[in-house]
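Chain by chain, the residues:
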Amino acid sequence: MDVKTAFLNGDLEEEIYMEQPERYVVPGQEKKVCRLVKSLYGLKQAPKQCHKKIDSTLLSKGFAINECDKYIYMKDPRGSSLAYILLYADDITLTASSDALRQSIMTMLSSEFAMKDLGPLSYFLGIAVKCHSGGLFLSQRKYAAEIIERDGMSSCKSTSTPVDANPKLSAAAGAPYEDPTRYRSLAGALQYLTFTRPDITYAVQQVCLFMHDPRVEHMNAIKRIIRYIRGTLDYGLHLYPSSTSTLVSYTDADWGGCPDTRRSTSGYCIFLGNNLVSWSAKCQATLSRSSAEAEYRGVANVVSESCWLRNLLLELHCPIQKATLVYCYNISAIYLSGNPVQHQRTKHIEMDIHFVREKVAKGDVRVCNVPSRYQIADIFTKGLPAVLFEDFRDSLSVRKPPAMTAGVC
């Protein structure tokens, strides 16, 4: 659903005045101004006041806020009926356990706001959603095509991977790029594309490191990503019906991979059942003195995200009863997560990442070893050969859309 003229619903708390609108000036009172009671488009208070208005309406109608995500509202979570609302600005996604409950909520919202019913979920925040007999397919094909066309690469040759397996880019690689604004625009656009294309997350993370001073080599890296996207334009993220009883994650770190700062890049991916629900590729904030320390920091990152997901699912009344499995390649990092003894080599590590040991001791998390051949998180920390990259991409459920036939949902 969509709220029509959403920003006009907010009640202003401050005194704000505006000039009389053009063509509506009162003759003889041209110097007078109007005091605003409601928010208008363009006011910095408008988004906040609009959200506050919708928020108070939902709370007054019996909805409760999810504490882990303030944009999720739940209706009667402890009863036989159940409904969830996902709110983003003026866009609303509603799901309910019965058609009658869904219809009653839609009627309630329409009585409070000027609403537009957009029908079954098909497009949300630039993401196309296709429902088929096997689940959901999330895609940003249109958005990706616009990026390719905007950069004038509609007829370029495609590549099999978004980044090569050579050493990482340096901040001083080549001459400065002539149009930094264009570089930053493309890098920012590619960031949004990673919402349904986790396979380009690492490549995009790398080019975003140089937005302050882009070089020619950095722009060539962006063009390689675009060439890869052109060859995989139809690809998207698949979600399948799956049990919510397991939360499995993979984490990896490329120790000292940055040629300039020698900081490590850590990456992870988290699966709920068989579905990928969270992923990240990020440069670590501090320098690691060993590969074990770099991997241990990566474990801490994924455990933190897993704890948030467990709490979110608990509030959604889909609790995870089993321990979260964290697969890590480094044996030393696995020992660090389970050994409470402070060794000489670990005394310098910040105490805030040792919460992993607490989670392991409580049984919420199990850190296990995985052979490098099956370490899916490698795709978020380094460039890979084409065969291995395609294998890991398939493991992330990034594939072509399913063949559509008659009788789909």
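Here, the structure is the one placed above.
Since we're looking at a predicted model, the values are computed, not measured.

### Topic: the overall build of the chain
Thinking step 1. Broken down by element type, the chain carries 10 helices and 18 strands.
Thinking step 2. The principal-axis extents of the C-alpha atoms in the chain amount to approximately 75 × 60 × 55 Å.
Thinking step 3. The buried share of the chain, reckoned over its 409 residues, is 44%.
Thinking step 4. Partitioning the intrachain contacts of the chain with sequence separation of at least 6 by distance along the chain shows that 70% fall at a separation of at least 24.
Thinking step 5. Put simply, the chain has 48 plus and 42 minus side-chain charges, and the middle of one group is 2 Å from the middle of the other.

### Some details on the packing of aromatic side chains
Thinking step 1. Using the criterion set out here, one finds six aromatic pairs in the structure.
Thinking step 2. Aromatic pair Tyr143 and Tyr192: ring centres 5.5 Å apart, planes at 75 degrees, arrangement edge-to-face. With a gap of 49 residues between them, Tyr143 in helix 3 (residues 141-150) and Tyr192 in helix 4 (residues 180-193) connect regions that are remote in the sequence.
Thinking step 3. Classification of Tyr143 as partly exposed rests on a relative accessible area of 21%.
Thinking step 4. Residue class for Tyr192 comes out partly exposed when judged on its relative accessible area of 28%.
Thinking step 5. It is Lys75 that lies over the ring of Phe63; its NZ or CZ is 5.5 Å from the centre.
Thinking step 6. Seen from the ring of Tyr374, Arg373 lies directly overhead, with NZ or CZ sitting 5.9 Å from the centre.

### Remarks on the pattern of salt bridges
Thinking step 1. Counted under the stated rule, the structure contains 18 salt bridges.
Thinking step 2. The partner of Arg182 in a salt bridge is Asp151, with the nearest N and O atoms 2.3 Å apart. Highlighted residues: Arg182 in helix 4 and Asp151 in the loop between helix 3 and helix 4, separated in sequence by 31 residues.
Thinking step 3. The class for Arg182 is partly exposed, based on a relative accessible area of 30%.
Thinking step 4. Asp391 is the salt-bridge partner of Arg373, the closest N and O atoms lying 2.9 Å from each other. Of the two residues, Arg373 sits in the loop between strand 17 (365-369) and helix 10 (386-395) while Asp391 sits in helix 10, which places them 18 residues apart along the sequence.
Thinking step 5. When salt bridges with common partners are traced through the structure, they connect Asp11, Lys38 and Lys53 into a single cluster.

### Brief notes about the side chain of Arg310
Thinking step 1. Of note, Arg310 is situated in helix 7 (residues 291-315).
Thinking step 2. Buried and unpaired, Arg310 has no salt bridge, with Asp364 as the nearest side chain of opposite charge at 4.3 Å.
Thinking step 3. Separated by 3.0 Å, the side chains of Arg310 and Thr324 make a polar contact.
Thinking step 4. Those residues in contact with Arg310, other than ones at most four positions away along the chain, are Leu247, Ile320, Lys322, Ala323, Thr324 and Asp364.

### What to know about helix 4
Thinking step 1. Compared with an ideal rise of 1.5 Å per residue, which puts 14 residues at 20 Å, helix 4 spans 20 Å between its outermost C-alpha atoms and is within 8% of the ideal.
Thinking step 2. Looking at helix 4, one finds that the buried residues are Tyr183, Leu186, Ala187, Ala189, Leu190 and Leu193. Along the axis of helix 4, the buried positions cluster into a sector of 165 degrees, meaning they face one direction only.
Thinking step 3. Here the buried face of helix 4 lies against helix 3, helix 5 (201-208) and helix 6 (216-231).

### Re the packing of helix 7 against helix 8 (residues 331-338)
Thinking step 1. Here helix 7 crosses helix 8 at 60 degrees, and the two axes come no closer than 8 Å. Relative to helix 8, the element helix 7 lies oblique. Both helix 7 and helix 8 take part in a crossing whose hand is right-handed. Here Ala292, Glu295 and Tyr296 of helix 7 lie close against helix 8, whose contacting residues are Ser332, Ala333, Leu336 and Ser337.
Thinking step 2. When the residues that make up the contact of helix 7 with helix 8 are grouped by side-chain class, the tally is four nonpolar, two polar and one charged.

### Some words on the nonpolar core
Thinking step 1. Ranked by size, the top nonpolar core spans 48 residues in total, and within it Leu190, Ile222, Ile229, Tyr250, Cys269 and Leu396 carry the most contacts.
Thinking step 2. For this core, the leading source of residues is helix 6, giving seven residues.
Thinking step 3. Leave out the neighbours within four places in its chain, and Tyr250 touches Gly267, Tyr268, Cys269, Phe271, Tyr327, Val370, Tyr374, Gln375, Ile376 and Ala377.

### A few points about the sheet that holds strand 16 (residues 324-328)
Across a sheet, paired strands are connected by hydrogen bonds in the backbone, their directions being either parallel or antiparallel.
Thinking step 1. If you walk across this open sheet you meet the five strands as 15-14-13-16-17, and the pairing is mixed. Each edge of the sheet is formed by a strand with only one pairing partner; in this case those strands are strand 15 (275-283) and strand 17. Pairwise comparison of adjacent strand axes, ignoring direction, gives a mean angle of 20 degrees for this sheet.
Thinking step 2. Pairing of strand 16 with strand 17, which is carried by five bridges, proceeds in the parallel orientation. Considered in strand 17, the bridge of Thr324 is made with Val365.
Thinking step 3. Sitting on the sheet, helix 5 is in contact with strand 14 (265-272) and strand 15, with an inclination near 25 degrees to strand 15.

### A look at helix 9 (residues 355-362)
Along an α-helix, residues three or four apart share an orientation, since each turn contains 3.6 residues.
Thinking step 1. Val356, Arg357 and Lys359 are the residues of helix 9 that are buried. Buried positions in helix 9, seen along its axis, are confined to an arc of 160 degrees and lie on one side of it. Residues Ala361 and Lys362 are exposed on helix 9 and point more than 90 degrees away from its buried face.
Thinking step 2. Those residues of helix 9 that are buried lie in contact with helix 7, helix 8 and strand 17.
Thinking step 3. Phi turns positive one or two residues past the end of helix 9, at Gly363, with a value near 90 degrees.

Each value, and the rule that gives it
Residues numbered from 1 in each chain as written. Predicted model: local features only at pLDDT ≥ 70, side-chain atom pairs only at ≥ 80, totals over all residues. Heavy atoms only, no water. Helix = DSSP H or I, 4+ residues; strand = E, 2+ residues; numbered from the N terminus. Buried < 20%, exposed > 50% of the residue type's maximum accessible area, 1.4 Å probe, protein only. Contact = heavy atoms within 4.5 Å. Lys, Arg positive; Asp, Glu negative; His and termini not counted. Charge placed at Lys NZ, Arg CZ, Asp CG, Glu CD. Phe/Tyr/Trp six-rings, centres within 6.5 Å; stacked < 30°, edge-to-face > 60°. Lys NZ or Arg CZ within 6 Å of the ring centre and 35° of its normal. Salt bridge = Lys/Arg side-chain N within 4 Å of Asp/Glu carboxyl O. Polar contact = N/O pair within 3.5 Å; in protein donor to acceptor, adjacent residues only side chain to side chain. Expected span 1.5 Å × (residues − 1). Arc of directions from axis to C-beta. Axes fitted to C-alpha atoms, helices over the stretch in contact; angles between N-to-C directions. Parallel < 35°, antiparallel > 145°, perpendicular 65-115°, else oblique. Left-handed = near helix turned anticlockwise from the far one by under 90°. Nonpolar A, V, L, I, M, F, W, Y, C, P; charged D, E, K, R; others polar. Core = buried A, V, L, I, M, F, W, Y, C linked by side-chain atoms within 4.5 Å. Pairing = 2+ DSSP bridges.

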